[in-house]
2 protein chains.
Amino acid sequence: VDGAPTDPAGPLPAAAGTLGEFALIARYFTRPTAERQGIGDDCALIDVGDSTLAISSDMLLEGVHFLPGADPHALGHKALAVNLSDLAAAGAQPRCFLLDLALPRADESWLAAFSRGLFELAARHGCTLVGGDTTRTPQGAGGAGPITIAITILGSVDRASYRGRAGARPGDDIWVSGQLGEAALGLALRRGELTLPPAARAACLERMDRPQARVALGRALAGRASAMIDVSDGLLGDLAHILERSYRADDGSAPLGRGALGATLFWAQLPRAGFFDPLPPALQQRCVLAGGDDYELAVTAPPQWRAELAALRCEGAGLTRIGRVEAAPGIRVHAGHEGAGAELALALQSFDHFRSS
Amino acid sequence: VDGAPTDPAGPLPAAAGTLGEFALIARYFTRPTAERQGIGDDCALIDVGDSTLAISSDMLLEGVHFLPGADPHALGHKALAVNLSDLAAAGAQPRCFLLDLALPRADESWLAAFSRGLFELAARHGCTLVGGDTTRTPQGAGGAGPITIAITILGSVDRASYRGRAGARPGDDIWVSGQLGEAALGLALRRGELTLPPAARAACLERMDRPQARVALGRALAGRASAMIDVSDGLLGDLAHILERSYRADDGSAPLGRGALGATLFWAQLPRAGFFDPLPPALQQRCVLAGGDDYELAVTAPPQWRAELAALRCEGAGLTRIGRVEAAPGIRVHAGHEGAGAELALALQSFDHFRSS
């Protein structure tokens, strides 16, 4: 396959004997592009006249991203929320979306609930459905194919303040919005792997089923953040995307090929709900550091913005400072607060659909 | 479900006892929109500054839109071609696209061939891949879920000359590009329902596997056509979409609710390959009038453009005049040329994924 990657960090190598999702994308679907921003950020940016659009597409499959029998109202919400979250990470103002929907049958009560969940969230963000496609899933010997929901979303961005994932620099603070780990804990609860008091259980399931995209926060951060990403696959993995894409010489003489900045995080500062405290440390770490589906924002910013970012609140969510970007590669997690505590030993990996476990 | 339809023709009623695909879309996914053009045309139109973008999304599923084991190079071509065809019907210049891909496994030879088919066609149209999502299909007891390909495509349109599906008027000529029916015949051949000489067989399979979107023709027609649609579900069904959406008083006092203009087509003038001649008339009619997957353009235009449209050729494809728009509802097909021949008795219906047969 010909074609050079556009990402200054180069394509990610496949893990030995496997082909990870991100490597797969880089290897077969990265091409030179005249568009301003290509594959690799949460959104692609395209310039239209004097304006700039951010575009993103995400697909949800029954049995992969949601459990069979999932509440259709929650599903309608979540399918749009994960796309809104990509716009949030671009600091974009949502504008419109397209919906591709494959269903085993035209079940009217399912459709009514799904579309209500979808349109309620769309209305809150002023985001209009403008097109798409519906089709029946194939009916095979093993039953009907999975419900499949693909949404493409478009928003407006201010080109001058857009940073994407590539702007982090050693010395930057690392911030995260809201609280981490509840969606992953919700999945463990639904799988019956543990029990929690009713209120905590309800909070986790709600976070898993109806994530809140940090759209207003993302827009407020444009111009302050040096890099932003939404935490969809787990904090460590998503932060690693920032650190990989931000790896380049400060003078712009980008050393092509794989490389990464590093980071140190402070475990005691990572924002999580109080009901995490009595849980086994390994489970806490798995959920908070590597749990997917949080749809919070992970942000890097120069220390000059520290006071302003600490005071920022949008739609009930604020930011917590959790670490700093460093020149040395790798992500280290210290057990205590900043400047205290030994390094935690971690064996975590973010969720990757095609990586064999 | 609340919300009024934006389509002046109103939502289509569900067929008795069934819920057709188009009715389903109209019923649950039609909402008022501030965008310039909503659901109902091949593309949605959105204004960005002084420019206008056309956007469309189409989804292909293994076992529904293509057979299991389909050639991945052809599949990469076709997945993009069906989306380019939507831009063609909007008279748009292709710009970029997003790809959502669900696969049972990361099969490198499949990916290499698929991406080659995709990018070869993309390069021919100057259309860049800018984003998307890949995921693994669920692995259930009945095997892996179907390969699913959802593409969203964006193009530029000239707002002043855009017509969509709603501009046809009684007295307009009806035109179609290229030749009809070969893709449907290709499907019948692949299913073993008939045999044809090798050259004819190869031509049909090629049309089925690698449709050519009429992008240049669509752009050349902007400003001449009164309405355009791409023939993806069969000529009669797609022409009916034009006739339904174009139903309104000429003075703009649109009578809300269902209604349609009508048309007369001339069977002898419908362009098809010579190898159709010896086939049973019912099979010819099924393929030419109701066969899906042709991806030709069906066009209405005032008779003043007749000479110019007859002479138009773009990338090897021209237009054939096949009928006229009339005020009386219904589509009639006359057996001969214009002005000659009795009416054919037809019992045909376009492909509709959710309509029970």
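Keep in mind that what you see is a predicted model, and the values were worked out from it rather than measured. (Residues numbered from 1 in each chain as written. Chains lettered and ligands numbered in written order. Predicted model: local features only at pLDDT ≥ 70, side-chain atom pairs only at ≥ 80, totals over all residues. Heavy atoms only, no water.)

Caption draft 1: Summary view of helix α7 (residues 235–245) of chain A. Counting buried positions along α7(A) yields 10 of 11 residues, so the element is predominantly enclosed. By the burial criterion, the buried members of α7(A) are Leu235(A), Leu236(A), Gly237(A), Asp238(A), Leu239(A), His241(A), Ile242(A), Leu243(A), Glu244(A) and Arg245(A). (Buried < 20%, exposed > 50% of the residue type's maximum accessible area, 1.4 Å probe, protein only. Helix = DSSP H or I, 4+ residues; strand = E, 2+ residues; numbered from the N terminus.)

Caption draft 2: Main features of the pattern of salt bridges. Going through the model one piece at a time under the given rule, you end up with 28 salt bridges over all chains. One salt bridge connects Glu193(A) with Arg286(A), and the closest N-O pair in it is separated by 3.8 Å. With Glu193(A) in the loop between α4 (182–190) and α5 (198–209) and Arg286(A) in helix α8 (residues 281–290), this residue pair connects regions lying 93 residues apart in the sequence. On the basis of relative accessibility, which here comes to 47%, the residue Glu193(A) falls in the partly exposed class. Put simply, Arg159(B) and Asp47(B) hold a salt bridge, and the shortest N to O gap is 3.7 Å. Here Arg159(B) is found in the loop between β7 (148–157) and β8 (173–177), whereas its partner Asp47(B) is found in strand β1 (residues 44–48), with 112 residues between them in sequence. With relative accessibility at 34%, the residue Arg159(B) sits in the partly exposed group. Through salt bridges that share partners, Arg321(A), Arg324(A), Glu326(A), Arg332(A) and Glu338(A) make up one connected network. (Salt bridge = Lys/Arg side-chain N within 4 Å of Asp/Glu carboxyl O.)

Caption draft 3: Broad picture of helix α2 (residues 72–89) of chain A. Residues and elements named next belong to chain A. With 18 residues, α2 extends 26 Å between its outermost C-alpha atoms, agreeing within 8% with the 26 Å of an ideal straight helix rising 1.5 Å per residue. The N-cap residue of α2 is Asp71: its side-chain oxygen and the backbone nitrogen of His73 are 3.2 Å apart. Among the residues trailing α2, Gly91 stands out with phi positive, at a value near 65°. (Expected span 1.5 Å × (residues − 1). Polar contact = N/O pair within 3.5 Å; in protein donor to acceptor, adjacent residues only side chain to side chain.)

Caption draft 4: Highlighting the environment of Pro280(A). Residue and element names in this part refer to chain A. Relative to the helices and strands, Pro280 resides in the loop between β10 (262–266) and α8. For Pro280, a relative accessible area of 48% puts it in the partly exposed group. Distance in space between the C-alpha atoms of Pro280 and Ala102 is 40 Å, their sequence separation being 178 residues.

These figures come from the coordinates and say nothing about function on their own.
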